[in-house]
There are 2 protein chains.
Amino acid sequence: MECKFTARSAIGVFDSGLGGLTVVKELKRHLPFEKIVYFGDTARVPYGTKSKEAIIRFSIENTQILLKHNVKIVVVACNSSASYALKKLRASFSVPCVGVIGPGARKAVNTTRSGRIGVIATSATTASGAYPRVICGLNPQVKVFSQACPLFVPLVEEGWFNHNVTEEIIEHYLKPLKKEKIDTLILGCTHYPLLQKVIQKVVGNNVILIDSAKETAQTVGAVLAQYELLRKTKLQPKHQFFVSDKQQHFNEIAEKFLGCEIQSSIVKL
Amino acid sequence: MECKFTARSAIGVFDSGLGGLTVVKELKRHLPFEKIVYFGDTARVPYGTKSKEAIIRFSIENTQILLKHNVKIVVVACNSSASYALKKLRASFSVPCVGVIGPGARKAVNTTRSGRIGVIATSATTASGAYPRVICGLNPQVKVFSQACPLFVPLVEEGWFNHNVTEEIIEHYLKPLKKEKIDTLILGCTHYPLLQKVIQKVVGNNVILIDSAKETAQTVGAVLAQYELLRKTKLQPKHQFFVSDKQQHFNEIAEKFLGCEIQSSIVKL
């Protein structure tokens, strides 16, 4: 697919649903004059329980949706997509593609002192082995301990941030990682920062939590600078949001989370 | 869409994923010489958190997949689909369509003595108001108390049937229904029978649980008899299974659950 973009073009971001808004928030903070085009695949959410093949196919379709808006970079804000599809996207499209795995992994490797890093993520991201692979490439001395936490996304979506069972469920999943005496923990799913308080309580204050969203925004800035694709104008940009289902629900959550008026449009898949 | 079916044709069953296998099991028991063609939309599961529009669109596509196999009846084994799409399917296709709502509702109305029925289901099914509407049509004197339980499907899929938090989560959702002194409780989602033991413990033995799968199989038999579409041959039928993702995972679960060898095929949506 041919890509026609300039420095004036938007940053494209896709996610399986709402979680990628954490990346949008950090992009807005870090690159306030860049326009963002967001696509949330709310009709097929979640990706974390789907197969590699399905995740790759959905990720290609999502990238094509963003490219229709001539985006100058594609940010894969979904960890499951970044784990399985990033290589394929880079091979298929000429636009630069940035995932959330690399930036989070780099930050964790620079943070750990004991060389023992924990990663919590969805089943798909965990099964892909993407975090251990990237971390090993950065520093083969570092030990990585992974744990899939399939109930975290439903807990967040139900809004049970402080429910009794939330701490109990977090305790259950984090027990094996605590035993391994990790000093750094990557929140390997865009939903997890919403459980950050209870996760921090459970692992204790000596473990540093890594939220990939912030690191990803910085990487996007660096990549755009490298390709001389940063916007030159200092005008307030008009962002665009697209979803494949539940437009109204998305608007409400996104408005609360980003603190600005959102009117998303529906994309039929 | 034209439908070409005879009494020799198969019974078509669709569900958002694996849950509809509870209906397949009951169909096999009740109509052992009928062939079944099953489609599980594992690429887009779950439906219970999606919009009415998406659920209707997916249900039409699933029905079209079954009709390619010339099925003589379409069983909508997914409560969310049955709640929103059954009317549309009946208007769009000439093949008879049976949902899981009507049979479960009828059984509950015939079972209750106090006239106070509880319904637990996904967010979509609960929001649709389908159970109260159907029950009111059968007996306007009966009072219906509905409760969405969004964490039940993830709990079942994680296999936490007897985990500490399972009972606590069930207690949380069922508390308002217990207060209403229901004597009958409809398990309004095909996943929920897998939590039946703990649900029964929480509501107590005086509350009768209604599993729609059994009732639906009986309704299918009655409808086929009425249309003179029951198979005449007494041969062991060869069932067919189709999924939109995670074929191997489906085979494993289906084999364990149905106790026979399963080789599903992938349908690309």
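No experiment lies behind these values; they were computed from the predicted model shown.

Criteria and cut-off values
Residues numbered from 1 in each chain as written. Chains lettered and ligands numbered in written order. Predicted model: local features only at pLDDT ≥ 70, side-chain atom pairs only at ≥ 80, totals over all residues. Heavy atoms only, no water. Pairing = 2+ DSSP bridges. Helix = DSSP H or I, 4+ residues; strand = E, 2+ residues; numbered from the N terminus. Contact = heavy atoms within 4.5 Å. Axes fitted to C-alpha atoms, helices over the stretch in contact; angles between N-to-C directions. Domains from an automatic or database assignment. Buried area = accessible area lost by both parts, 1.4 Å probe. Salt bridge = Lys/Arg side-chain N within 4 Å of Asp/Glu carboxyl O. Buried < 20%, exposed > 50% of the residue type's maximum accessible area, 1.4 Å probe, protein only. Right-handed = clockwise from strand over helix to strand, strands pointing away. Least-squares fit on C-alpha atoms with pLDDT ≥ 70 in both. Core = buried A, V, L, I, M, F, W, Y, C linked by side-chain atoms within 4.5 Å. Phe/Tyr/Trp six-rings, centres within 6.5 Å; stacked < 30°, edge-to-face > 60°. Polar contact = N/O pair within 3.5 Å; in protein donor to acceptor, adjacent residues only side chain to side chain. Nonpolar A, V, L, I, M, F, W, Y, C, P; charged D, E, K, R; others polar.

A. Local environment of the sheet that holds strand 2 (residues 36-40) of chain B. Residues and elements named next belong to chain B. In spatial order, the strands read 4-3-1-2-9-10; together these six strands make up an open sheet with parallel pairing. At either end of the open sheet lies a strand with only one pairing partner, and these are strand 4 (97-99) and strand 10 (265-266). Across the face of the sheet, helix 3 (residues 79-92) comes into contact with strand 1 (11-15), strand 3 (73-76) and strand 4 while running at roughly 165° to strand 4.

B. Inspection of the domain arrangement of chain A at higher detail. Residue and element names in this part refer to chain A. Per the domain assignment, the segments of chain A are domain 1 (11-99 + 214-266) and domain 2 (101-212). Between domain 1 and domain 2, the residue contacts involve 20 residues of the former and 20 residues of the latter. Both faces considered, domain 1 and domain 2 share a buried interface measuring about 1,500 Å² in area, 54% of it formed by carbon and sulfur atoms. On the surface where domain 1 and domain 2 come into contact, there are zero salt bridges. Breaking the side of domain 1 that touches domain 2 down by element, the ones donating at least two residues are helix 1 (21-30), helix 3 (79-92) and helix 10 (212-226). Among the elements that make up the side of domain 1 that touches domain 2, the one with the highest residue count is helix 3 (five residues).

C. Here's a closer look at the pairing of strand 7 (residues 184-187) of chain B. Residue and element names in this part refer to chain B. Side-chain alternation along strand 7 places Thr 184 and Ile 186 on one buried face and Leu 185 and Leu 187 on a second face that is also buried. The pairing of strand 5 (residues 116-121) with strand 7 spans four bridges and is parallel. Within the sheet, the bridge partner assigned to Ile 117 lies in strand 7 and is Thr 184. Alignment of strand 7 against strand 8 (residues 208-211), held across four bridges, turns out to be parallel. Within strand 8, the residue paired with Leu 185 across the bridge is Leu 209. In terms of handedness, the path from strand 7 via helix 9 (residues 196-203) over to strand 8 forms a crossover that is right-handed.

D. Spotlight on the environment of Lys 143 of chain B. Residues and elements named next belong to chain B. Looking at where Lys 143 falls in the secondary structure, it is placed in strand 6 (residues 143-148). Overall, the relative accessible area of 48% leaves Lys 143 in the partly exposed class. C-alpha separation for the pair Lys 143 and Arg 116, spaced 27 residues apart in sequence, amounts to 4.9 Å. Sequence-distant contacts of Lys 143, defined by excluding residues within four places in its chain, comprise Gly 115, Arg 116 and Ile 117.

E. Expanded view of the relation of the copies chain A and chain B. The transformation that overlays chain A on chain B combines an axial shift of 0.0 Å with a rotation of 180°, and the residual RMSD is 0.0 Å. What we have between these two chains is a two-fold relation. Closest approach to the rotation axis among the C-alpha atoms of chain A is made by Arg 44 of chain A, whose C-alpha sits 2.4 Å away. The fraction of interface residues of chain A whose copies in chain B are also interface residues reaches 100%, indicating that both copies meet through the same surface.

F. Spotlight on the side chain of Ser 16 of chain B. For Ser 16 of chain B, the location among the structural elements is in the loop between strand 1 and helix 1 (21-30). You can call Ser 16 of chain B buried: its relative accessible area is 8%.

G. Structural detail: the nonpolar core. Counting residues in hydrophobic clusters, the biggest one holds 67 residues, and the most contacted among them are Ile 11, Val 13, Leu 27 and Val 220 of chain A. The element that contributes the greatest number of residues to this core is helix 2 (residues 52-67) of chain A, accounting for eight residues. No fewer than three residues from each of domain 1 (11-99 + 214-266) and domain 2 (101-212) of chain A sit in this core. Beyond its immediate stretch of four places on either side in the chain, Val 220 of chain A contacts Ile 11, Leu 27, Leu 31, Ile 73, Val 75 and Val 98 of chain A. With 66 residues, the next largest nonpolar core counts Ile 56, Val 98, Phe 241 and Ile 262 of chain B among its residues.

H. Highlighting the packing of aromatic side chains. A complete count under the given rule lists 14 aromatic pairs over all chains for this structure. Residues Tyr 47 of chain B and Phe 58 of chain B carry aromatic rings whose centres are separated by 5.4 Å and whose planes lie at 45° to one another, so their mutual orientation is tilted. A residue pair is termed long-range when its members are at least 10 positions apart, and Tyr 47 of chain B in the loop between strand 2 and helix 2 (52-67) and Phe 58 of chain B in helix 2 qualify at 11 residues. Take Tyr 47 of chain B and Phe 58 of chain B: they sit in the same class, and that class is buried. Measuring from centroid to centroid gives 5.4 Å for Phe 152 of chain B and Tyr 173 of chain B, while their planes differ by 85°, and the two rings are edge-to-face. Of this pair, Phe 152 of chain B sits in helix 7 (residues 152-157) while Tyr 173 of chain B is found in helix 8 (residues 164-179), placing the two residues 21 residues apart along the sequence. Judged on exposure class, the residue Phe 152 of chain B and its partner Tyr 173 of chain B are both buried. One aromatic cluster is present, formed by Phe 152, Tyr 173 and Tyr 192 of chain A together with Trp 160 of chain B through successive ring pairs.

I. Molecular detail of the interface of chain A and chain B. Contacts between the two partners involve 28 residues from chain A, matched on the other side by 28 residues from chain B. At the boundary of chain A with chain B, total buried surface from both sides reaches about 2,300 Å², with 59% on carbon and sulfur atoms. Across the contact surface, chain A and chain B share zero salt bridges. The tally of links from chain A across to chain B stands at 12 residue pairs in polar contact (both at pLDDT 80 or more). Only helix 2, helix 7 (152-157) and helix 8 (164-179) of chain A provide two or more residues apiece to the side of chain A that touches chain B. The class makeup of the residues in the side of chain A that touches chain B is 14 nonpolar, seven polar and seven charged.

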